[in-house]
Amino acid sequence: MPGSMKLKLLRVRESTGVMIKSPADIEALFKEEALADRECMWILHINTVGEVIEKELVAMGLLDQSLVHPREIFKKAILNSAAAIITVHNHPGGSLEPSGDDKRVWERLVSAGELLGIEVTDNLIVSRFGYYSWKAHKPT
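Residues numbered from 1 in each chain as written. Predicted model: local features only at pLDDT ≥ 70, side-chain atom pairs only at ≥ 80, totals over all residues. Heavy atoms only, no water.

A. Here's a closer look at the nonpolar core. Core analysis: the biggest nonpolar cluster contains 19 residues, and Met41, Ile43, Val58, Ile73, Phe74, Ile85 and Val120 have the highest contact counts within it. Every element with two or more residues in this core is listed here: β1 (40–46), β2 (52–60), α2 (70–79), α3 (100–116) and β4 (119–127). The leading source of residues in this core is α3, at four residues. One finds Ile20, Trp42, Ile46 and Ile86 within the second-largest nonpolar core, a separate group that totals 14 residues. (Core = buried A, V, L, I, M, F, W, Y, C linked by side-chain atoms within 4.5 Å. Buried < 20%, exposed > 50% of the residue type's maximum accessible area, 1.4 Å probe, protein only. Helix = DSSP H or I, 4+ residues; strand = E, 2+ residues; numbered from the N terminus.)

Structural data, given as structure tokens:
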């Protein structure tokens, strides 16, 4: 039809139904990934009621590092209309202690999230020995 316009809207992904209430819930989702032979980073996109929208692999690196940038971290979170994100990365060597680089990346992501209106609710390190939760160790 001449003069008519078709309106196309993005479809928001539905929740997977997986609810995140604690770091242990996150660790349970990453048992297999914790054993990866190189450092990788995943993002959990979270809706307003704490359910996972998507589990996204955003970086695959080397034995002891992976390169990430806020642009890649938040891209799909914006497209998924996520209210929050949780970052998860593994340490193939088994250590659960965050490196200086880990802490710097986390602080940068929190700042970017504040600017975008997408809260970074936690940052986890997973390994064969368990997990480290930034939120649980962060001074209040």
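B. How the structure looks around the pairing of strand β5 (residues 130–133). Strand direction decides the pairing type here: β4 and β5, joined by four bridges, are antiparallel. Bridged to Val126 within β5 is Tyr131. (Pairing = 2+ DSSP bridges.)

C. Expanded view of α2. Listing the buried residues of α2 in full gives Pro70, Ile73, Phe74 and Ala77. For α2, the angular spread of buried residues about the axis comes to 75°, placing them on one side. What points out from α2, more than 90 degrees from its buried face, is the exposed set Arg71 and Lys75. Buried residues along α2 sit in contact with β1, β2, β3 (84–90), α3 and β4. Among the residues trailing α2, Ser81 stands out with phi positive, at a value near 55°. (Arc of directions from axis to C-beta. Contact = heavy atoms within 4.5 Å.)

D. Fine view of α3. With 17 residues, α3 should reach 24 Å at 1.5 Å per residue; the first-to-last C-alpha distance of 24 Å fits that figure. Along α3, the residues that are buried comprise Asp102, Trp106, Leu109, Val110, Ala112 and Gly113. Against α2, β3, β4, β5 and α4 (134–137) lie the buried residues of α3. Looking one or two residues past α3, Gly117 carries a phi angle of roughly 80°, positive in sign. (Expected span 1.5 Å × (residues − 1).)

E. Broad picture of the sheet that holds β4. Taken together, the five strands give an open sheet; going across it, the order is β2-β1-β3-β4-β5, and neighbouring strands pair in mixed fashion. Two strands in the sheet have a free side with no partner beyond their single neighbour: β2 and β5. Neighbour-to-neighbour, the strand axes of the sheet open up by a mean angle of 20°, direction not taken into account. For β1 and β3, the ladder comprises six bridges, and the chain directions are antiparallel. The partner of Leu44 across the bridge, within β3, is Ile86. (Axes fitted to C-alpha atoms, helices over the stretch in contact; angles between N-to-C directions.)

F. Quick look at unusual backbone geometry. In this structure, Ser81 takes a positive phi of about 55° despite not being glycine. Within the fold, Ser81 resides in the loop between α2 and β3. Using a relative accessible area of 47% as the deciding quantity, one classes Ser81 as partly exposed.

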